[in-house]
Amino acid sequence: MAKIKVGINGYGTIGKRVASAVAAQDDMELVGVTKTRPNFEALNAVRKGYDIYVPDSSVEAFRDAGVKIAGTLKDMYAKVDIVVDCTPGNVGEMYRDQYKEAGVKAIFQGGEDHALTGISFNSTANYSESWGAQLSRVVSCNTTGLLRTLYPIDKKYKIENAYVTIVRRAADPGDSKNGPINGLEPSVSLPTHHGPDVQSIMPWLNISTMAIKASTTLMHVHTVVAQLSQPASTDEIKEIFRKAPRVRLVRSKDGIKTTAQIMELARDLGRDRSDMYEIIVWEDGIKVVGNTLYYYQAVHQESDVIPENIDCIRSMCKAESDPCASVRKTNAALGITKE
Ligand code: NAD
């Protein structure tokens, strides 16, 4: 079977990771990436041997900077089966029209609304809904994190209500513009958008969310309280998480007490960019009391959505009909194991 030809529009935090992940798949070919400015990330893309495509308005800037380009955005569209749009949130609408006109499929990210595509994606919860679709959207890092753990729990125990507080990192590690740098900032618009975003994939789930921005760049942390419709034991819940394909249990008593040690673990694992694609759940922080389940989880915001983008490509391009097979293939290529 011919390889799926993939282009990445927007080579920032998410785009560069999706590009590396596509390049690591044996059933996909990375045709190129787009850049608007000839900055250090563009130079790194050149070093990696990626072809660079630019908007018409950027051709001169790249020529002046001496950075070789392979063509314009339109040239890239002509060579690909699918574009993974990793541009900043809210520029999607303009690009959606361009992709449609060029006749290419497109995946958007969580910074765009569900309404842009009408379909949102998570590998475990609804892989098949994007089957053959022209457009889809991989939900945000926090929503992906919640779906990875709530979906398997709901499948077995039917969640009556989930209450989640999200402690959000204030900025990505490479971002020196956002904050706060010393403070905690509650999201006062309540409930936050995260609950409805989870419902774009699990519309039946009663979920309420609040969020606080914290002065850290490493990871988000969620506190989850879920009312189950049937009794469960703490050990049964641990077993569900143990089996979930992109959930990793860690233990406070092994020295992983904070997000700092989780990131150290990711470095020790030798992952590309020290990424932690899995949702981390503290095993010794899982507890069931009666029908109420409590747990904490941590989300590596820059990377948990990357394997989802790869599976979404396979679903939209009809390359693999079995969600579990796609997840296994992606995990193997990215080094995501249970060890
Ligand atoms: P980013 O700012 O790091 O990268 C965006 C890239 O797009 C940059 O290289 C920028 O130069 C380029 N760009 C800007 N305007 C453009 C345009 N008009 N056309 C083409 N390229 C343009 O952003 P990001 O953090 O990678 O976020 C991308 C998307 O992924 C957003 O929807 C965001 O909400 C979502 N997302 C981000 C994270 C995260 O942790 N950063 C996690 C999950 C989802």
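Residues numbered from 1 in each chain as written. Predicted model: local features only at pLDDT ≥ 70, side-chain atom pairs only at ≥ 80, totals over all residues. Heavy atoms only, no water.

*Asks:* What is the right way to look at the side chain of His300 in this model?
*Replies:* Tracing the backbone shows His300 in the loop between strand 16 (292-299) and helix 11 (306-316). There is a polar contact of 3.2 Å between the side chain of His300 and the backbone nitrogen of Met276. Beyond its immediate stretch of four places on either side in the chain, His300 contacts Leu218, Met219, Met263, Ser274, Asp275 and Met276. (Helix = DSSP H or I, 4+ residues; strand = E, 2+ residues; numbered from the N terminus. Polar contact = N/O pair within 3.5 Å; in protein donor to acceptor, adjacent residues only side chain to side chain. Contact = heavy atoms within 4.5 Å.)

*Asks:* Quick question: what am I supposed to make of the pattern of salt bridges here?
*Replies:* Side-chain pairing between opposite charges can occur once the charged atoms of the two side chains come close. Here the structure, examined in full by the defined rule, presents 20 salt bridges. Measuring nitrogen to oxygen at the nearest pair gives 2.6 Å for the salt bridge that ties Lys329 to Asp26. Here the residue Lys329 occupies a position in helix 12 (residues 323-334), and Asp26 occupies one in the loop between helix 1 (13-23) and strand 2 (28-34), the gap between them amounting to 303 residues. In this structure Lys329 comes out as partly exposed when scored by relative accessible area, which is 32%. On the basis of relative accessible area, Asp26 is assigned to the exposed category, the value being 54%. Residues joined by salt bridges that share partners form a network here, namely Asp27, Arg148, Arg246, Glu308, Asp311 and Arg314. (Salt bridge = Lys/Arg side-chain N within 4 Å of Asp/Glu carboxyl O. Buried < 20%, exposed > 50% of the residue type's maximum accessible area, 1.4 Å probe, protein only.)

*Asks:* Any chance you could explain the site of the ligand here in plain terms?
*Replies:* With respect to spatial proximity, 20 residues lie near the ligand, and among them Thr13, Ile14, Tyr95, Gly111 and Asp172 are the closest. The backbone of Tyr11 places a nitrogen or oxygen atom 3.4 Å from an oxygen atom of the ligand. In this structure, an oxygen atom belonging to the ligand sits 3.4 Å away from a main-chain N or O atom of Gly12. Burial of the ligand by the surrounding chains reaches 78%, relative to a free accessible area of 830 Å². Tallied by class, the residues present in the shell around the ligand amount to six nonpolar, 10 polar and four charged. Shared between two domains, the shell around the ligand holds at least three residues of each, these being domain 1 (4-139 + 305-334) and domain 2 (141-299). (Near = heavy atom within 4 Å. Areas by Shrake-Rupley, 256 points an atom, 1.4 Å probe, with all protein chains shown as cover. Nonpolar A, V, L, I, M, F, W, Y, C, P; charged D, E, K, R; others polar. Domains from an automatic or database assignment.)

*Asks:* Is there a simple way to think about the packing of helix 11 against helix 12 in this case?
*Replies:* Packed helices, taken two at a time, are described by the angle between their axes plus the distance between the axes. Where helix 11 meets helix 12, the axes come as close as 9 Å, and the angle between the chain directions of the two elements is 135 degrees. One way to sum up the angle between helix 11 and helix 12 is to call them oblique. Crossing angle aside, the handedness with which helix 11 passes helix 12 is right-handed. From helix 11, Pro307, Ile310, Asp311 and Arg314 reach across to helix 12, where they touch Ser326, Val327, Lys329, Thr330 and Leu334. Class assignment for the residues of the contact of helix 11 with helix 12 results in four nonpolar, two polar and three charged. (Axes fitted to C-alpha atoms, helices over the stretch in contact; angles between N-to-C directions. Parallel < 35°, antiparallel > 145°, perpendicular 65-115°, else oblique. Left-handed = near helix turned anticlockwise from the far one by under 90°.)

*Asks:* I tried to follow the environment of Gln227 on my own but got confused; where do I start?
*Replies:* Mapped onto the secondary structure, Gln227 falls in strand 12 (residues 220-228). Beyond its immediate sequence surroundings of up to four residues, Gln227 is in contact with Lys158, Ile159, Glu160, Asn161, Tyr163, Asn291 and Thr292.

*Asks:* Is there a simple way to explain the packing of aromatic side chains in this structure?
*Replies:* Each aromatic ring pair is summarised here by two numbers: the centre-to-centre distance and the angle between the ring planes. Applying the stated criterion to the full structure yields six aromatic pairs. On the numbers, 5.9 Å between centres and 15 degrees between planes, the contact of Tyr95 with Tyr99 is stacked. Highlighted residues: Tyr95 and Tyr99, both in helix 5 (residues 92-102), separated by four residues, approximately one helical turn. Overall, the relative accessible area of 0% leaves Tyr99 in the buried class. Taken together, a centroid distance of 5.8 Å and an interplanar angle of 45 degrees make the contact between Tyr99 and Phe108 tilted. Across the pair, Phe108 and Tyr99 agree in class, each one buried. Joined through ring pairs, the aromatic side chains of Tyr77, Tyr95, Tyr99 and Phe108 make up one cluster. (Phe/Tyr/Trp six-rings, centres within 6.5 Å; stacked < 30°, edge-to-face > 60°.)

*Asks:* Please explain helix 1 as it appears in this structure.
*Replies:* Helical periodicity: at 3.6 residues per turn, an α-helix aligns residues three or four positions apart in one direction. Most of helix 1 sits inside the fold, with nine of its 11 residues counted as buried. Turning to helix 1, its buried residues number three or more, namely Ile14, Gly15, Lys16, Arg17, Val18, Ala19, Ser20, Ala21 and Val22. On its buried side, helix 1 packs onto strand 1 (4-9), strand 2, helix 2 (40-47), strand 5 (82-85), helix 11 and helix 12.

*Asks:* Can you walk me through helix 7 (residues 141-157) in this structure?
*Replies:* With 17 residues, helix 7 extends 24 Å from end C-alpha to end C-alpha; this agrees with the ideal 24 Å at 1.5 Å per step. For helix 7, the principal kink sits at Leu150 and spans about 30 degrees; a proline, Pro152, occurs within the next four residues. Counting buried positions over the 17 residues of helix 7 gives 15, a clear majority of the element. Positive backbone phi, at 50 degrees, marks Lys158, one or two positions downstream of helix 7. (Expected span 1.5 Å × (residues − 1). Bend = angle between axes of the 7 residues up to and from the residue.)

*Asks:* Is there a simple way to explain the sheet that holds strand 2 in this structure?
*Replies:* Strands pair in a sheet through their backbones, by hydrogen bonds, and they do so in one of two ways: parallel or antiparallel. Taken in spatial order, the eight strands line up as 4-3-2-1-5-6-8-7 in an open sheet, and their pairing is parallel. Taken across any chain shown, the strands that pair with only one partner, and hence form the sheet edges, are strand 4 (71-72) and strand 7 (120-121). Summarising the sheet, strand 1 and strand 2 pair through six bridges and their orientation is parallel. Looking at the pairing, Ile8 lines up with Val33 of strand 2. (Pairing = 2+ DSSP bridges.)

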